[in-house]
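A look at the structure
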Amino acid sequence: MRVFAFSAVLLFGIAALGGCESESSTSDDGRNVERAALDTLRITNAWVRPAPEGGVTALYLELHNRRATADTLMRVETPVSSRTELHTTVLHSDGTTGMRPLNNGLAVPTDTTTTLRPGGPHVMVYDVQPALVIGDSVRVTLHFGDLMHTVTAHVRPTPPQ
Amino acid sequence: MGLLALTGCTGDEADRIDDLSDASFELVNQDSTTVTFPDDFAGQAIVVGYIYTQCPDICPMVTANMRQLRDRVDAPDDVAFVTITFDPRRDTPDRLRAYREAYGLGDTNWQFLTGDPDTISQLMERLDVRVELSRGSYEDDDYLIDHTDQISLIDPQQRVLFHYGGSMTPVDILAEDLATIRPAS
């Protein structure tokens, strides 16, 4: 299994909540910020579809906002691409489907779970370098209003059960 | 039962969506080998999916659904699994081959087809697949496409019997309908 790691991010002592896959977190200005366990933004079930070199893929995950305030996912970085966009999939009345960019980011309300899922909101990843093969792992960093999280996304063709 | 089909699947004229026996579309597969559709699949049931490889969300779901169907029926020789791109300007044979391999289909006889834009446009129209740019232009090579989300079933007599929502139709339904049109059935 290959792991495509992102640049080092200051580790944040995030609470070890059950099933948590969040790996690191820091404020965007580089200051570590201690937060209580109930004031966290957890990320679980991150996965990406396989893609050939130069192809596109989609990133999906679950955002559990237990902070006291709402957040907005603004952008995503990954070492396997220099271009990502937040999209949602739309279904038109004529039966066609397509993607629309979320230019203002993806709202993550407080005390809710927001799911990026097939057929819904997702992160489109362009020009993947190198190819993503089933079984690989990819580091992704999610930027919110005042902090960022880095997690590992597994390459798989279908959602985790 | 196919979502857009009429009732039953008796092969009667009234039950078919279209008859492709008079049609012939010259395409190329992922290895740049010429494929005449649907002639080259005569005698087989055909499961057809429609994608473009720059689609990260819906189109992979179509491919995954077809793959689950193929696994369910144990990849029989009397059924052809075929994916056709509706983005021939970008989806060259090389790109289709890489995509096919990324999805673990490199060792199968599942063919991924492309062709010249006019031929693909005519084929998509014939198979009721709508395609429209939603962002960008063909000139800048950086565009997104709104498209029909569809899988089709074509019987060994080259009659189009069913269209389904490609990404969301349960495999059980696809398998049930496929069983009724296989030559061995």
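Structure: see above.
Each value, and the rule that gives it
Residues numbered from 1 in each chain as written. Chains lettered and ligands numbered in written order. Predicted model: local features only at pLDDT ≥ 70, side-chain atom pairs only at ≥ 80, totals over all residues. Heavy atoms only, no water. Helix = DSSP H or I, 4+ residues; strand = E, 2+ residues; numbered from the N terminus. Buried < 20%, exposed > 50% of the residue type's maximum accessible area, 1.4 Å probe, protein only. Areas by Shrake-Rupley, 256 points an atom, 1.4 Å probe, with all protein chains shown as cover. Contact = heavy atoms within 4.5 Å. Buried area = accessible area lost by both parts, 1.4 Å probe. Salt bridge = Lys/Arg side-chain N within 4 Å of Asp/Glu carboxyl O. Pairing = 2+ DSSP bridges. Phe/Tyr/Trp six-rings, centres within 6.5 Å; stacked < 30°, edge-to-face > 60°. Lys NZ or Arg CZ within 6 Å of the ring centre and 35° of its normal. Axes fitted to C-alpha atoms, helices over the stretch in contact; angles between N-to-C directions.

Another point: the overall build of chain A. If you tally the helices and strands in chain A, you get zero helices and 13 strands. Across the 161 residues of chain A, 47% fall into the buried class. Accessible surface for chain A amounts to roughly 7100 Å². Of this, 53% is attributable to carbon and sulfur atoms.

Let us look at the interface of chain B and chain A. How big an interface is tends to be reported as the loss of accessible area on association of its parts. The interface of chain B with chain A comprises 25 residues on the first partner and 32 residues on the second. Of the roughly 2000 Å² buried between chain B and chain A on both sides combined, carbon and sulfur atoms contribute 56%. At the boundary of chain B and chain A, one finds three salt bridges. Across the pair A:Arg83 and B:Asp142 runs a salt bridge, and its minimum N-O distance is 3.2 Å.

It is worth spelling out the pairing of strand β13 (residues 147-155) of chain A at this point. For a regular strand, the rule is simple: side chains alternate between the two faces of the sheet. All names here are of chain A. Within β13, eight of the nine residues are buried, which leaves the element mostly enclosed by the surrounding structure. Pairing analysis gives seven bridges linking strand β12 (residues 137-143) to β13, with the strands arranged antiparallel. By the bridge assignment for β13, His143 is matched with Met148. In this antiparallel pair of consecutive strands, β12 and β13, the connection spans three residues.

Turning our attention to the packing of aromatic side chains. Applying the stated rule across the entire model yields nine aromatic pairs over all chains. Between B:Phe81 and B:Trp110, the ring centres sit 5.7 Å apart and the planes meet at 40°, which makes this aromatic pair tilted. Separated by 29 residues along the polypeptide, B:Phe81 in strand β5 (residues 79-85) and B:Trp110 in the loop between α2 (93-102) and β6 (111-114) bring together distant segments of the chain. Given the relative accessible area of 4%, B:Phe81 is considered buried. For B:Trp110, a relative accessible area of 0% translates into the label buried. Directly above the aromatic system of A:Tyr126 lies the positively charged group of A:Arg83, at a separation of 3.7 Å from the ring centroid. Over the ring of B:Tyr138 we find B:Arg89, and its NZ or CZ is 3.8 Å from the ring centre.

Another point: the environment of B:Thr119. All names here are of chain B. Relative to the helices and strands, Thr119 is located in helix α3 (residues 117-126). Along the chain, Thr119 and Phe25 lie 94 residues apart, while their C-alpha atoms are 6.7 Å from each other. Residues within four places of Thr119 in sequence aside, it is in contact with Phe25, Glu26 and Leu27.

The next subject is α2(B). Residue pairs spaced three or four apart in an α-helix point in one direction, given the helix's 3.6 residues per turn. Turning to α2(B), its buried residues are B:Pro93, B:Leu96, B:Tyr99, B:Arg100 and B:Ala102. Against the buried residues of α2(B) lie β2 (25-29), β4 (45-51), α1 (58-72), β5 and β6 of chain B.

Moving on, we come to the pairing of β2(B). Residues and elements named next belong to chain B. Every second residue of β2 is oriented toward a common face, the buried set being Phe25, Leu27 and Asn29 and the non-buried set Glu26 and Val28. Across four bridges, the pairing between β2 and strand β3 (residues 34-37) is antiparallel. When the bridges of β3 are listed, Glu26 appears paired with Thr36. Connecting β2 to the antiparallel partner β3 that follows it, the hairpin turn spans four residues, and Ser32 within it adopts a positive phi of roughly 65°. In this sheet, β6 lies alongside β2 in antiparallel orientation, the contact comprising two bridges. Looking at β6, one finds that Val28 is bridged to Thr114.

Residues and elements named next belong to chain B. Pairing is mixed in the open sheet, where eight strands are placed in the order β1-β10-β9-β4-β5-β6-β2-β3. Unpaired on one side and paired on the other, β1 (18-19) and β3 mark the two borders of the sheet. Sheet topology places β4 next to β5; seven bridges connect them, and they run parallel. If you follow Tyr50 over to β5, its bridge partner there is Ile84. Packed onto the sheet, α2 meets β2, β4, β5 and β6 and runs at close to 155° relative to β6. Of the strands in this sheet, β1, β2, β3, β4, β5 and β6 touch α3, which is tilted by about 110° from β2.

Time to look at the pattern of salt bridges. All names here are of chain B. One pass over the structure, following the stated rule, counts 14 salt bridges over all chains. Between Arg126 and Asp18 there is a salt bridge, and its shortest N-O distance comes to 2.6 Å. One end of the pair, Arg126, is in helix α3; the other, Asp18, is in strand β1, with 108 residues separating them in the sequence. Given a relative accessible area of 18%, Asp18 falls into the buried group. The partner of Arg182 in a salt bridge is Asp78, and the shortest N-O contact between them spans 3.1 Å. Of the two residues, Arg182 is situated in the segment after α4 (171-181) and Asp78 in the loop between α1 and β5; the sequence distance between them amounts to 104 residues. What makes Asp78 buried here is its relative accessible area of 15%.

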